[in-house]
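Chain and residue survey
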Amino acid sequence: MNLKEKIKRNMDCYLMLAPFMLFFTVFTVLPVAMSLPIGFTDFNMVQTPKFVGLDNYITLFLSDKVFMKSIRTTIIFAFVTAPLSYVMCFLLAWLISGLKRPLRNVLTLIFYIPSMANLYAVWRIIFSGDMNGWLNSFLIDIGFLQSPVQWLTDSRYVLGVAIVVQLWISLGAGFLALSAGFRSIDKSLYETAYIEGMNSKWQELVYIVIPCMKPQMLFAGIMQIVSSFTADSVVRELVGFPSTDYKAHTIMTHAFDYGWVRFEMGYASAICTVLFVVMFVCSRFVNRIFGSER
Amino acid sequence: MIKSKKQKFGNLIIQVALIILAVYMFLPIYLTVVMSVKPTEELFVFPPKLYTLRPTLSNFTSMLESARQNRVPFSRYLFNTVAVTFSVTLCQCVFVSMGAFVLAKCEFYGKKLVNALIITALLYQSNVIYIMQYMVMSKVGIINTPLALILPSIASPIGFFLMKQSIAQIPDSMIESAKIDGAGLFRICWQIVMPNQKPALMTLIIFAFQASWNIQGGSLIFDEQLKTLPSVILQISSSGLARAGEAMASAVFLLIPPVVVFTLAQRQIMDTMVHSGIK
């Protein structure tokens, strides 16, 4: 059977897949695929793109000091938030799984709320630099500080603040997947194990929970990696754009700067391409860890 | 005896850690809600109080008042957002369900490629491809039309992936017997498979609703007529600490619909997320 016949035979499959694939191709595949060739051009959205070879990448890696800083920031940011937020998703999902129905549902909702909508405003007040900032007033009250700290503008603190808030909003789809995973574990497994001599929460975790939940854990892992590497609006909304000394300037913020503010699309594409590659490598890595022993 | 003490200590550490985490998660939400109902004169009292004895809705009314100062009536923004949310959610449900069914249950040339594309696309969502999407949209010529808000959100890789995983759990025999009875794929999808997929469908609706309800449009829309509710309300919330009460009120206001939908559908979501594993 040749290719043409094969396709003809499954025509109805293709027809049903077509509407999704159309939108998927135009708005997801095409943009990602385009970033590579456009990264080799000088393009400002108005004139036709001009081919400049590797110029963008050379500038990016050899003379763009802010980009170098942003790589460092992104790595610190992602390497702190991705694992920590993952552990948080896991622990909180675990905590919830042991509770009774109404309380469990309420807590799931509460933990999920921060990822639902744009709630940065409250953090701006918590971290506000004057005496009215909640954190300042609390720390001064207990005698830990003498005078208010400029959490949102002092270059020593901005990245830390961004990380705290990113962790707060990071319990999204990955968290839901994990808590669903916990609920799906067969309860009789625990009973059997306790009869067999298992006697602590740690053992429960190592011998029952982790082996049962590998697939959900992989999904959650990818979700947390994506959100950590592409964090951008948290930073811009919270510590300003650009942040003091570019201390909380992530690769994504840099791309935002060149894409939306300066309209240097070629350069922005090159930045995005770098980010795509980094994320792809990371996800392969996660896949290795969780996916290999199946 | 010593051993059990050690274990008790271990369990205690876990519990303390969990409680600290829970407080960290809950406190900001609580503060948002409390501040949204605080009267203005209490907002800037030092030291800040964690409660209010005189709750008021004045922040909400003044938020609506500020939104009304725009040239366009408030109802117009609300209508835009509802229209965008509705179209995205509906299109996503229909297109994603059909596609996910085919990919989960049919064999055809190119299936592996599509599968790989979608798993990879889980990585490249939202803001990473935002800039590139803008270029595509300006080429297609839909910038500054409602389509710019709707079309990019329709083909959600996450939604597709979850739906596919969920449909894959259905026994093949069910579909085979329907085929023998002479039903076409389209009918099998909508009359046999989808009625069994209500939890997955609810999940899809939640994610689509949540994402599209929050669409701001940013650089995609210039006409005040076409702007969405979040884009207007968040202007208020970013206008400084002096309007903190209003900012909190607007955050709470925008949060209510997603919270209601999520609460109603939580059971179904959990049933679907069980199958979210990547295989």
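Values in this document were obtained by computation on a predicted structure and should not be read as measured data.

Calculation notes
For every chain, the first residue of the written sequence is number 1, and numbering continues from 1 along that sequence. Written order decides the labels, with chains lettered from A and ligands numbered from 1. Totals for whole chains, interfaces and linings use every residue, but because this is a predicted model, local features are given only for residues with pLDDT of at least 70 and side-chain atom pairs only at 80 or more, for both listing and counting. Computation of side-chain values: all heavy atoms of the structure, hydrogens and water removed. Comment: axis = line fitted to C-alpha atoms, over the contacting stretch for helices; angle = value between 0 and 180 degrees taken between N-to-C directions. Strands here are runs of E lasting at least two residues and helices are runs of H or I lasting at least four, both read from the DSSP assignment and numbered beginning at the N terminus. If you view the pair so one helix is near and one far, a crossing is left-handed when the near helix is turned anticlockwise from the far one by less than a right angle, and right-handed when it is turned clockwise. Every residue pair with non-hydrogen atoms within 4.5 Å of one another is taken to be in contact. Under the grouping applied here, Gly and all other residues not named as nonpolar or charged are polar, the nonpolar ones being Ala, Val, Leu, Ile, Met, Phe, Trp, Tyr, Cys and Pro and the charged ones Asp, Glu, Lys and Arg. Relative accessible area decides the class of each residue, using a 1.4 Å probe on protein chains only: under 20% of the type maximum gives buried, over 50% gives exposed, and in between gives partly exposed. Any two cysteine sulfur atoms lying within 2.5 Å of each other are counted as a disulfide. When describing relative orientation, an angle under 35 degrees is termed roughly parallel and one over 145 degrees roughly antiparallel, while 65 to 115 degrees is termed roughly perpendicular and anything else oblique. Accessible area that two parts lose when put together, with a 1.4 Å probe and added across both, is what the buried area reports. Basic side-chain nitrogens of Lys or Arg form a salt bridge, by our definition, when they fall within 4 Å of a carboxyl oxygen of Asp or Glu. N or O atoms closer than or at 3.5 Å make up a polar contact, with two conditions inside protein: a donor-capable atom paired with an acceptor-capable one, and, for residues adjacent in sequence, both atoms drawn from side chains. Per-residue confidence from the prediction method is given by pLDDT, with values spanning 0 to 100. Within this scheme, the nonpolar core is defined by two criteria: the residues are buried Ala, Val, Leu, Ile, Met, Phe, Trp, Tyr or Cys, and they are joined through side-chain atoms within 4.5 Å.

Okay, the packing of helix H4 (residues 74-105) of chain B against helix H11 (residues 198-213) of chain B next. Residue and element names in this part refer to chain B. For the pair H4 and H11, the least separation of the axes is 9 Å and the interaxial angle reads 145 degrees. When you trace H4 past H11, the crossing you get is right-handed. Of the residues in H11, those in contact with Thr81, Val84, Thr85, Val88, Thr89, Gln92, Cys93, Val96 and Ser97 of H4 are Leu201, Leu204, Ile205, Ala208, Phe209, Ser212 and Trp213. Across the contact of H4 with H11, the residue classes tally to 10 nonpolar, six polar and no charged.

So, about helix H7 (residues 134-141) of chain A. The complete set of buried residues in H7(A) reads A:Trp134, A:Asn136, A:Ser137, A:Leu139 and A:Ile140. In the segment just after H7(A), A:Gly143 is the residue with positive phi, at about 80 degrees.

Let us now look at unusual backbone geometry. Positive phi outside glycine occurs at A:Phe263, with the angle close to 55 degrees. Structurally, A:Phe263 is set in the loop between helix H14 (251-261) and helix H15 (265-291). By relative accessible area, which is 29% here, A:Phe263 ends up partly exposed. Phi at B:Asn144 is positive, roughly 65 degrees, even though this residue is not glycine. Topologically, B:Asn144 is positioned in the loop between helix H6 (130-140) and helix H7 (147-154).

Looking now at the state of the cysteines. For the structure shown, the criterion picks out zero disulfides over all chains. In this structure A:Cys282 is not part of a disulfide, and its nearest cysteine sulfur, from A:Cys272, lies 16 Å away. B:Cys189 takes part in no disulfide bond, and the closest cysteine sulfur to it belongs to B:Cys106, at a distance of 9.2 Å.

Think of two packed helices as two axes; the pair is described by the angle between the axes and how far apart they sit. All names here are of chain A. The contact between helix H4 (residues 65-97) and helix H5 (residues 101-116) brings their axes to 9 Å, and the two run at 160 degrees. In terms of orientation, H4 lies roughly antiparallel with respect to H5. With respect to the hand of their crossing, H4 and H5 are arranged in right-handed fashion. Together, Leu92, Leu95 and Ile96 of H4 and Arg104, Leu107, Thr108 and Phe111 of H5 make up the contact between the two elements. Across the contact of H4 with H5, the residue classes break down as five nonpolar, one polar and one charged.

Glancing now at the side chain of A:Thr74. All names here are of chain A. Here Thr74 lies in helix H4. Note on Thr74: relative accessible area 1%, which makes it buried. Beyond its immediate stretch of four places on either side in the chain, Thr74 contacts Phe79, Phe229, Thr250 and Ile251.

Attention now goes to the interface of chain B and chain A. The partner chain A presents 94 residues to the 98 residues of chain B that form the contact. Summed over both partners, the interface of chain B with chain A buries about 8,700 Å², with 80% contributed by carbon and sulfur atoms. In this structure, the connection of chain B to chain A is made through zero salt bridges. On the surface where chain B and chain A come into contact, there are nine residue pairs in polar contact (both at pLDDT 80 or more).

Within this structure, the stated rule accounts for seven salt bridges over all chains. Here A:Arg156 ties to A:Asp154 by a salt bridge, and the two come within 2.9 Å at their closest N and O atoms. Using a relative accessible area of 19% as the deciding quantity, one classes A:Asp154 as buried. Residues B:Asp172 and B:Lys105 are paired through a salt bridge, measuring 2.8 Å at the closest nitrogen-oxygen approach. One end of the pair, B:Asp172, is in helix H9 (residues 172-180); the other, B:Lys105, is in helix H4, with 67 residues separating them in the sequence. Assessed through its relative accessible area of 47%, B:Asp172 is described here as partly exposed. For B:Lys105, a relative accessible area of 15% puts it in the buried group.

With that out of the way, let us pick up the confidence of the model for chain B. Residue and element names in this part refer to chain B. Overall, the prediction assigns chain B a mean pLDDT of 83, with 92% of residues at 70 or greater. Taking the mean pLDDT of every element in chain B, the minimum, 76, falls on helix H2 (residues 40-43) and the maximum, 92, on H4. Our summary of model confidence lists the complex with pTM equal to 0.85 and ipTM equal to 0.85.

Core analysis: the biggest nonpolar cluster contains 93 residues, and A:Phe111, A:Met116, A:Trp123, A:Phe175, A:Leu176, B:Phe207 and B:Met273 have the highest contact counts within it. In terms of residues, this core owes the most to one element, helix H13 (residues 244-273) of chain B, which gives 11 residues. Ignoring any residue separated from it by four or fewer positions in sequence, one finds A:Trp123 in contact with A:Val164, A:Val165, A:Trp168, A:Leu238, B:Tyr24 and B:Pro28. Grouped together as the second largest cluster of nonpolar side chains are 91 residues, A:Phe229, B:Ile118, B:Met137 and B:Cys189 included.

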